[in-house]
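Take a look at the letters that make up each chain.
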There are 2 protein chains.
Amino acid sequence: MAKAARDPEERIRERNMRLIIKAGIEIFARKGFDGTRIAEIAEASGLPKANVYYYFSSKEEIYRAIVAHLIASWDDALKYISPEREPAEAFRLYIRAKLDYTRKNTAESRLFASEIIQGARFLKKKDRDHMRQVTDAHVAVVEGWIAAGKMLPVDPRHLFIMLWASTQYYADFEPIAADGLKKARLKAEDYETAAITITETILKGILPAPMQGS
Amino acid sequence: MAKAARDPEERIRERNMRLIIKAGIEIFARKGFDGTRIAEIAEASGLPKANVYYYFSSKEEIYRAIVAHLIASWDDALKYISPEREPAEAFRLYIRAKLDYTRKNTAESRLFASEIIQGARFLKKKDRDHMRQVTDAHVAVVEGWIAAGKMLPVDPRHLFIMLWASTQYYADFEPIAADGLKKARLKAEDYETAAITITETILKGILPAPMQGS
DNA sequence: AGGAAAGTTGACACTTTGGTCAGCTTTTGT
DNA sequence: ACAAAAGCTGACCAAAGTGTCAACTTTCCT
């Protein structure tokens, strides 16, 4: 009897939890875990504080729910790095996808950055293992390409770090990026130019020089 | 009479302020502005809380003192990007200097990152203008190199962002960088490999292909 | 030596915060 | 229609936070 549940039309719960999570992402991203007040999340989601506590039993629970959700998106862009593809195409797509994600999910990206800077206190070992595994798999693909002579011998792990760094910077450090580009705020076209610059530069850096005898 | 001061041997004041600032950098970096408690800074610096308030009248004053100090170091590595140098040499030195700084001043680097992610609330207009000016000057140098055919036509502003991003990532996001490299913690040698990979990749990406007639 | 300036600090006042709860209203299945 | 389940919330703590202060000790200059 403890199991019985009300499946159909569980809309209220869903909607309110979504509101809370959404507000939480925004505020946790800007204030970090310790700096975030639940009252603020409540206000931002238009619910009384006690109502927030009706759905989540603590601040940590809200935060964990969000972080857990973020991990899932780690893999998404990496899927383009697959052995059947040519390296040039693969990296081109990867860079675009990553920039696209950060542009459209600025708050999530910042929240993740914030969590890491603050010492990755809420990243469970399981999550980190998962990320490591995914990375390992893609490192292997790159090593394959290098062995096949399709890429210059670059350290694949540092290469991935360069890509993560370059693609996240625009969203995570927008004030600095915008200042650097002499814009008030970043727009889609800036991300477009970024994609082109990063792609061209990195590709020239890792692909064998074209038309060259041995 | 308000001017009279005790110049010689003002050691106590200096020493205690240094202790407070040092502890503050560490804790602000990890917790952000809102997340930091003064009691924590007091404990970390070995002083009673009331003594901290004897030197600084508020949390914000400590924070501002630290941020102001950080701005000064923004220029340091950029000095290598100077017109008399060859681009290859300039970028090589710049990348090394920046990585070196972040490795040796991890907490400062993270504090700065944290401040930006949290919306650059305490970066004064004056500071941002200064950073912008410094950037502009170096963009001009790169444009000069491009005009002289010493570099491929890259968007200089996005290029600088790539460099900032790649060189800061290791310190700011150490947990992820370490996982990516399959290490428990980053050591000097990892920064060394990073310097090599970044330098080689970027240089190939921005320098004209060697030995090529038109 | 001795008085003034600088430094120190436990205790206190006041505010904010995370989290609880009892009782209310709404929704839902029958 | 109606009772049970789900949802809602104002009012309330205890704990933790920021900042103050009056009284004490140390350091410094002459």
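Fair warning: this is a prediction, and the values are worked out from it, not measured in the lab.

## Regarding the side chain of Gln118(B)
Thinking step 1. In this fold, Gln118(B) is placed in the loop between helix H6 (106-117) and helix H7 (125-147).
Thinking step 2. By relative accessible area, Gln118(B) is classed as buried at 3%.
Thinking step 3. Leave out the neighbours within four places in its chain, and Gln118(B) touches Arg30(A), Lys31(A), Gln118(A), Gly32(B) and Phe33(B).

## As for the protein's contact with DNA strand C
Thinking step 1. Taken together, the neighbourhood of DNA strand C is formed by 21 residues, with Arg37(A), Lys49(A), Tyr53(A), Ala50(B) and Tyr54(B) sitting nearest.
Thinking step 2. The sugar-phosphate portion of DNA strand C accounts for 68% of its atoms within 4 Å of the protein, the bases making up the rest.
Thinking step 3. The contact in question runs from a phosphate oxygen of DNA strand C to an N or O atom on the backbone of Ile38(A), over 3.0 Å.
Thinking step 4. Between DNA strand C and Lys59(A) there is a distance of 3.0 Å, counted from a phosphate oxygen to a backbone nitrogen or oxygen.
Thinking step 5. Elements represented by at least two residues in the surface near DNA strand C include exactly helix H2 (38-45) and helix H3 (49-55) of chain A together with helix H1 (11-35) and helix H3 (49-55) of chain B.
Thinking step 6. It is H3(B) that provides the largest number of residues to the surface near DNA strand C, a total of four residues.

## A few points about the relation of the copies chain A and chain B
Thinking step 1. For the pair chain A and chain B, the superposition axis carries a translation of 0.0 Å, the fit reaches an RMSD of 0.0 Å, and the rotation angle comes to 180°. On the angle and the small slide along the axis, the relation comes out as a two-fold axis. Relative to the rotation axis, the C-alpha of Gly35(A) is the closest in chain A, positioned 1.9 Å from it.
Thinking step 2. The fraction of interface residues of chain A whose copies in chain B are also interface residues reaches 100%, indicating that both copies meet through the same surface.

## Focus: the packing of helix H1 (residues 11-35) of chain A against helix H4 (residues 59-78) of chain A
All names here are of chain A.
Thinking step 1. Contact geometry for H1 and H4: axes closest at 10 Å, N-to-C directions at 105°. In this view, H1 runs roughly perpendicular relative to H4, as classed from their interaxial angle. Counting all contacts with H1, which are made through Ile20, Ile21, Gly24, Ile25, Phe28, Phe33 and Asp34, the residues of H4 involved are Lys59, Glu60, Ile62, Tyr63, Ala65 and Ile66.
Thinking step 2. Residues belonging to the contact of H1 with H4 are distributed by class as follows: nine nonpolar, one polar and three charged.

Conventions used here
- Residues numbered from 1 in each chain as written.
- Chains lettered and ligands numbered in written order.
- Predicted model: local features only at pLDDT ≥ 70, side-chain atom pairs only at ≥ 80, totals over all residues.
- Heavy atoms only, no water.
- Helix = DSSP H or I, 4+ residues; strand = E, 2+ residues; numbered from the N terminus.
- Buried < 20%, exposed > 50% of the residue type's maximum accessible area, 1.4 Å probe, protein only.
- Contact = heavy atoms within 4.5 Å.
- Near = heavy atom within 4 Å.
- Polar contact = N/O pair within 3.5 Å; in protein donor to acceptor, adjacent residues only side chain to side chain.
- Least-squares fit on C-alpha atoms with pLDDT ≥ 70 in both.
- Axes fitted to C-alpha atoms, helices over the stretch in contact; angles between N-to-C directions.
- Parallel < 35°, antiparallel > 145°, perpendicular 65-115°, else oblique.
- Nonpolar A, V, L, I, M, F, W, Y, C, P; charged D, E, K, R; others polar.

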